[in-house]
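Architecture and fold: a report
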Amino acid sequence: MTTVLYWAGMFALCCFALALICAAIQLLRGPTPQDRVLALDTMYVNGMLIILVLGVQFGTRLYFDIALLISMFGFVSSAAMAKFLLRGEVIEP
Amino acid sequence: MMNDLPLWVSLPGTVLLVLAGVLTLTGSLGLLRLKRFYSRLHAVTLGNTMGAGSVLATSVLVSSAVASRPVLHELLILMFLVLVSPVTAILLMQAGLRRDPRRPVPDD
C-alpha cells in the first residue's frame, strides 16, 4: 500500500515541477512588473510544496523547517516588491 | 520511514497528493493562459492555497502514523499561508490597479 503513496508523491512532484516551469516562463514573459512578481510568488510556493513532498517521501523532519523558511521569505519578498510597485519605496520614512 | 503505513494513512494521502498536484498545475497553467492580470492572480492564489493545504494534510497524516502520536506542527505552515497569501494578493492587486493604463490620470 505504501507503493501507491510513493507513486502519488512522484506524480505530485512532476506536477509541481511543471507548474514551476510554467511560472518561470511567465516570469520571463510577463508584460508588466506585477505579473513578474506574481510569477515569483508562485515559484516560491511551488518550491515549498516540492520540499514538503520530498520530506514526506524521505521521512525526515528537517524538510519542514526549510519549507517554513521558504514560505516566510516568499511572503517577505513578495510584499516588499508589491510595496515597491505600489509606492516607489519599500520602507517609508 | 514509509515501510509499513496503515491503510487509513496511505489511501487519503494518495488522494490528497494527486489532488494537490492537479490543482497546483491547474493554477500555474492559468498563469500562462489567462489574459488579464486579475484573472491570473485569482487562478494562482486559489490553486496554490488548496494545493498547499492538501500536501500539508498528507504530511500531517504520514508523520502522525510514523511517530504513532498526533504530529501537528505542519499546521503552522498552513496557518501562515492562510494568513499571508491574501495579504500578498491584496498588495499585488493594489499595485496592479495603481499601474493600470486604463486608470484615469490625476491632475497634479
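Remember, predicted model here, so these are calculated numbers, not experimental data.

Moving on to the overall build of chain B. In terms of regular secondary structure, chain B is built from 3 helices and 0 strands. Order of helices (α) and strands (β) in chain B, N terminus to C terminus: α-α-α. A compact globule built from 108 residues would reach a C-alpha radius of gyration of about 13 Å, whereas chain B, at 19 Å, exceeds it by more than 25%. Overall, chain B is about 70 × 25 × 15 Å in size when its C-alpha atoms are taken along their principal axes.

Taking 1.5 Å as the rise per residue, helix H3 (residues 75-98) of chain B with 24 residues should run 34 Å; its terminal C-alpha atoms sit 35 Å apart, in good agreement. For H3 of chain B, the principal kink sits at valine 84 of chain B and spans about 25°; a proline, proline 86 of chain B, occurs within the next four residues. Among the residues of H3 of chain B, Ile77, Leu81, Ser85, Thr88, Ala89, Leu91, Leu92, Met93, Ala95 and Gly96 of chain B are the ones counted as buried. In this structure, the buried residues of H3 of chain B make contact with helix H2 (33-58) and helix H3 (62-87) of chain A together with helix H2 (37-67) of chain B.

Moving on to helix H1 (residues 2-29) of chain A. Taking 1.5 Å per residue as the helical rise, H1 of chain A with its 28 residues ought to reach 40 Å, and the 41 Å between its terminal C-alpha atoms agrees with that figure. By the burial criterion, the buried members of H1 of chain A are Leu5, Ala8, Gly9, Ala12, Cys15, Phe16, Ala19, Cys22, Ala23 and Gln26 of chain A. Of the surrounding elements, those touching the buried residues of H1 of chain A are H2 of chain A together with helix H1 (7-33) of chain B.

Moving on, we come to unusual backbone geometry. Residues and elements named next belong to chain B. Despite not being glycine, serine 68 shows a phi value in the positive range, around 50°. Inspection of the secondary structure puts serine 68 in the loop between H2 and H3. Judged by the 7 C-beta atoms lying within 10 Å of it, serine 68 falls in the exposed class.

Below, the discussion takes up the interface of chain A and chain B. The interface is formed by 44 residues belonging to chain A together with 48 residues belonging to chain B. Among the elements of the structure, H1, H2 and H3 of chain A are those that each provide at least two residues to the side of chain A that touches chain B. Classifying every residue of the side of chain A that touches chain B by side-chain character gives 30 nonpolar, 11 polar and 3 charged.

With that out of the way, let us pick up the confidence of the model for chain B. Of the residues in chain B, 92% have a pLDDT of 70 or more, and the chain-wide mean is 86. As scored by the predictor, the complex reaches a pTM of 0.88 and an ipTM of 0.86.

Attention now goes to the packing of H2 of chain A against H1 of chain B. The geometry of H2 of chain A relative to H1 of chain B is characterised by a closest axis approach of 12 Å and an angle of 160° between their N-to-C directions. Classified by the interaxial angle, the pair formed by H2 of chain A and H1 of chain B is roughly antiparallel. The way H2 of chain A lies across H1 of chain B gives a crossing that is left-handed. On H1 of chain B, the residues that touch Ala39, Thr42, Asn46 and Leu49 of chain A of H2 of chain A are Thr24, Ser28 and Leu31 of chain B.

Let us now look at the nonpolar core. The biggest cluster of nonpolar side chains holds 50 residues, and the ones touching the most others in it are Leu49 and Leu52 of chain A together with Val55 and Leu92 of chain B. Residue contributions to this core peak at 13 residues, all from H2 of chain A. Ignoring sequence-local partners within four residues, the contact set of valine 55 of chain B consists of Leu49, Leu52 and Val53 of chain A together with Leu17 and Ala20 of chain B.

Across the interface, H1 of chain A lies against H1 of chain B with an axial gap of 8 Å and an inter-helix angle of 10°. Classified by the angle their axes make, H1 of chain A and H1 of chain B are roughly parallel. Partitioned by chemical class, the residues of the contact of H1 of chain A with H1 of chain B number 20 nonpolar, 9 polar and no charged.

Criteria and thresholds
Residues numbered from 1 in each chain as written. Chains lettered and ligands numbered in written order. Predicted model: local features only at pLDDT ≥ 70, side-chain atom pairs only at ≥ 80, totals over all residues. Helix = DSSP H or I, 4+ residues; strand = E, 2+ residues; numbered from the N terminus. Rg over C-alpha atoms; globule rule 2.2 N^0.38 Å. Expected span 1.5 Å × (residues − 1). Bend = angle between axes of the 7 residues up to and from the residue. Buried ≥ 20, exposed ≤ 12 C-beta atoms within 10 Å, placed from the backbone. Contact = placed C-beta atoms within 7 Å. Nonpolar A, V, L, I, M, F, W, Y, C, P; charged D, E, K, R; others polar. pLDDT = per-residue confidence, 0-100. Axes fitted to C-alpha atoms, helices over the stretch in contact; angles between N-to-C directions. Parallel < 35°, antiparallel > 145°, perpendicular 65-115°, else oblique. Left-handed = near helix turned anticlockwise from the far one by under 90°. Core = buried A, V, L, I, M, F, W, Y, C linked by C-beta atoms within 7 Å.

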